[in-house]
Amino acid sequence: MATDAVDITIAPHSPWWQTLWPLPWYTVCASALAWALLRAREKSAGAPVGGDDDPRTDEDVRTEWDQAA
């Protein structure tokens, strides 16, 4: 959005600007796609994330977070 605002208000006439200004939009789309693919891969691994099947208790998870902090 910031690059679009610059494009509208300043309207740079550099030849490379027409290629560069949509780059943040492409980056957002690529990041969302990468996140979706990695999340699907993580879920397909079959590792339980929580719930009754999780061998770790809530206390173990809290301890891990406290230790990381």
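Residues numbered from 1 in each chain as written. Predicted model: local features only at pLDDT ≥ 70, side-chain atom pairs only at ≥ 80, totals over all residues. Heavy atoms only, no water.

Visitor: Help me get a handle on the overall build of the protein, residues and values and all.
Guide: Looking only at helices and strands, one finds 4 helices and 0 strands in the protein. When the helices and strands of the protein are listed from N to C terminus, the series reads α-α-α-α. Counting all 69 residues of the protein, 7% fall into the buried class. With an accessible surface of roughly 6,200 Å², the protein has 63% of that area assigned to carbon and sulfur atoms. (Helix = DSSP H or I, 4+ residues; strand = E, 2+ residues; numbered from the N terminus. Buried < 20%, exposed > 50% of the residue type's maximum accessible area, 1.4 Å probe, protein only. Areas by Shrake-Rupley, 256 points an atom, 1.4 Å probe, with all protein chains shown as cover.)

Visitor: Before we move on, can you summarise the confidence of the model for the protein with the specific residues and values?
Guide: Any region with low pLDDT has predicted coordinates that should not be read closely. Across the protein, the average pLDDT comes to 75, with 64% of residues at 70 or higher. Summarising per-element confidence for the protein, the mean pLDDT is lowest in helix α4 (residues 58-68) (60) and highest in helix α3 (residues 23-44) (93). (pLDDT = per-residue confidence, 0-100.)

Visitor: Break down the pattern of salt bridges for me, citing the residues and quoting the values.
Guide: This structure, assessed with the given rule, holds 1 salt bridge. Residue Glu-42 is joined to Arg-39 by a salt bridge in which the shortest nitrogen-to-oxygen separation is 2.7 Å. Separated by 3 residues within a single helix, Glu-42 and Arg-39 lie in helix α3, roughly one turn from each other. (Salt bridge = Lys/Arg side-chain N within 4 Å of Asp/Glu carboxyl O.)

Visitor: Go over a nonpolar patch on the surface with me, naming the residues and quoting the values.
Guide: Residues Met-1, Trp-16, Leu-20, Leu-23, Trp-25 and Tyr-26 make up a contiguous nonpolar surface patch of about 720 Å² in total accessible area. No other element matches α3, which puts 3 residues into the nonpolar patch. In this structure, Leu-20 sits in helix α2 (residues 17-20). Look at Leu-20 and you get partly exposed, because its relative accessible area is 37%. (Patch = residues over 30% accessible without salt bridge, like charges linked within 9 Å, V, L, I, M, F, W, Y side chains within 5 Å.)

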